[in-house]
Amino acid sequence: MIENALTTKTNILLIRPLKTALFLGSIAGLLLLINIINMINVHFLGFPLRLIPQLHLDESHTFSTYFLVTMLTCSSILLGMISMISKKKQDANFIYWLGLALFFLFISMNKIVEFNDSIFINFYSFLEANLRNTLSWLIPIISCVILLLYLRFWLLLPSADRTGLLFATILFIGGAIGMDFLVDKYFSLDSELTFAYDILITIESGLEMFGAVVFIYALLINLSHVETNISITTKS
């Protein structure tokens, strides 16, 4: 995990990314296991209620929601730290780290406050009504420019950082967008909360949580590269 080590000259912050990731991953695994037990209880044992409703993954303001929000917020903080350190070193890429920090802060707030439906739907409806023709080409262009800029930024990262961040992104986006699309598609065809629906929800939440775990691991590794007073150790 993270601990202070007092040396003769300065305080060195020892980071154990692997232990941190294993700890967070264990919590994520436990939440998934409890959800599976809840699923078996409802669909196969015939109990009408879930044993622990607060741990069901398809509900708002549950333990899994707060756990994911905590990891996303920690990711935002780590990204902010990397951005500040990069700026002190006059690294022009600090703006990309800052952009990611703000993005993760936003999605963590979105998870807990759930204001996207009310705000974004109204906002997009307003834009569509007033800028229908402009939006049809402006949004794709802006999205492509941002993606190209971050692709360039990603290619400039060290190989280990690129691999970790790419894997985390695939997991998280696979859950947040890919599986979420499948869940919505399935629910539109069958509005009943079936076992198959719960399986999809479990996979979606699992990808999101483990994506966040891998992302934190990758950020801790990167932080040890950019800050000389932070060292990485594999000792227990």
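What you see is a predicted model, and the numbers here were worked out from it, not measured in a lab. Here the residue numbers are simple positions, counted from 1 along each chain's written sequence. Only residues with pLDDT of 70 or above have their local features reported here, since the model is predicted, and side-chain atom pairs are shown and tallied only from 80 upward, although totals for entire chains, interfaces and linings are computed over all residues. As a convention, hydrogens and water are excluded, and side-chain values are obtained from all of the structure's heavy atoms.

## A short note on the overall build of the protein chain
Applicable threshold: Runs of H or I in DSSP of at least four residues are treated as helices and runs of E of at least two as strands, each being numbered from the N terminus. Only protein chains enter the accessibility calculation, which uses a 1.4 Å probe. A residue is then buried if its area is under 20% of the maximum for its type, exposed if over 50%, and partly exposed in between. In this description, accessible areas are obtained by the Shrake-Rupley approach with a 1.4 Å probe, and a residue is regarded as covered only by the protein chains that are shown.
A tally of helices and strands in the protein chain yields seven helices and three strands. Walking the protein chain from its N terminus toward its C terminus, one meets helices and strands in the order β-β-α-α-α-α-α-α-α-β. Residues counted as buried form 38% of the 236 residues belonging to the protein chain. Entry remark: accessible area of the protein chain is about 14,300 Å², with carbon and sulfur atoms responsible for 70%.

## Quick look at the environment of Phe215
Formally: Any two residues whose heavy atoms approach within 4.5 Å are treated as being in contact.
Among the secondary structure elements, Phe215 is positioned in helix H7 (residues 195-226). For the pair formed by Phe215 and Gly164, sequence separation is 51 residues and the distance between their alpha carbons is 6.9 Å. Those residues in contact with Phe215, other than ones at most four positions away along the chain, are Ser75, Leu79, Phe104, Leu165 and Ala168.

## Some details on the nonpolar core
For the record, the criterion: In plain words, nonpolar cores are sets of buried Ala, Val, Leu, Ile, Met, Phe, Trp, Tyr and Cys residues tied together by side-chain atoms within 4.5 Å.
Ranked by size, the top nonpolar core spans 42 residues in total, and within it Met71, Leu79, Trp97, Met209 and Leu219 carry the most contacts. Of all the secondary-structure elements, those providing two or more residues to this core are helix H1 (17-43), helix H2 (63-88), helix H3 (94-113), helix H6 (159-189) and H7. The element contributing the most residues to this core is H7, with 13 residues. Among all residues touching Trp97, those that are not within four sequence positions of it are Leu79, Ile82, Ser83, Ser86, Phe153, Leu157, Leu165, Leu219 and Asn222.

## With respect to the packing of aromatic side chains
To be explicit about the condition: Any two rings among Phe, Tyr and Trp, with Trp reduced to its six-membered ring, count as a pair given centres within 6.5 Å; such a pair is stacked if its planes are under 30 degrees apart, edge-to-face if over 60, and tilted if neither.
Taken as a whole, this structure holds seven aromatic pairs when the rule is applied. Note on Tyr96 and Tyr150: the rings are 5.3 Å apart at their centroids and 80° apart in plane angle, and the pair reads as edge-to-face. Residue Tyr96 is located in helix H3, and its partner Tyr150 is located in helix H5 (residues 132-155); the two are separated by 54 residues in the primary sequence. A relative accessible area of 13% means that Tyr96 is categorised as buried. A relative accessible area of 23% means that Tyr150 is categorised as partly exposed. Site record: aromatic cluster; members linked through ring pairs are Tyr96, Trp97, Tyr150 and Phe153.

## Let's talk about unusual backbone geometry
Look at Gln90: it is not a glycine, yet its phi comes out positive at around 60°. Position of Gln90 relative to the elements: it lies in the loop between H2 and H3.

## Focus: the packing of H1 against H2
Heads up, the rule is: To get an axis, a line is fitted to the C-alpha atoms, and for a helix only the part in contact is used. The angle between two axes follows their N-to-C directions and goes from 0 to 180 degrees. Here roughly perpendicular refers to angles of 65 to 115 degrees, roughly parallel to angles under 35, roughly antiparallel to angles over 145, and oblique to all remaining angles. By definition, any crossing whose near helix is turned counterclockwise from its far helix by less than a right angle is left-handed, and any crossing with a clockwise turn is right-handed.
At their nearest, the axes of H1 and H2 sit 11 Å apart, and the two run at 160° to each other. With respect to H2, the element H1 is oriented roughly antiparallel. For the pair H1 and H2, the crossing hand works out as left-handed. In this structure, H1 uses Leu24, Ile27, Ala28 and Leu31 to contact H2, whose residues at the interface are Phe63, Ser64, Phe67 and Met71.

## Here we look at the packing of H2 against H3
Remark: H2 packs on H3, axes separated minimally by 8 Å, with the N-to-C direction vectors making an angle of 165°. With respect to their mutual orientation, H2 and H3 come out roughly antiparallel. Where H2 crosses over H3, the handedness of that crossing is left-handed.

## Some details on a nonpolar patch on the surface
Operational definition: Patch definition: residues with relative accessible area over 30% and no salt bridge; like charges joined within 9 Å; nonpolar side chains (Val, Leu, Ile, Met, Phe, Trp, Tyr) joined within 5 Å. The working definition used for a salt bridge is a side-chain nitrogen of Lys or Arg within 4 Å of a carboxyl oxygen of Asp or Glu.
The grouping of Ile36, Ile40, Phe44, Leu45, Phe195, Ile199 and Ile203 at the surface amounts to a nonpolar patch, some 610 Å² of accessible area in total. Of all the secondary-structure elements, those providing two or more residues to the nonpolar patch are H1 and H7. Of all the elements, H7 adds the most residues to the nonpolar patch, at three residues. Structurally, Phe44 is set in the loop between H1 and H2.

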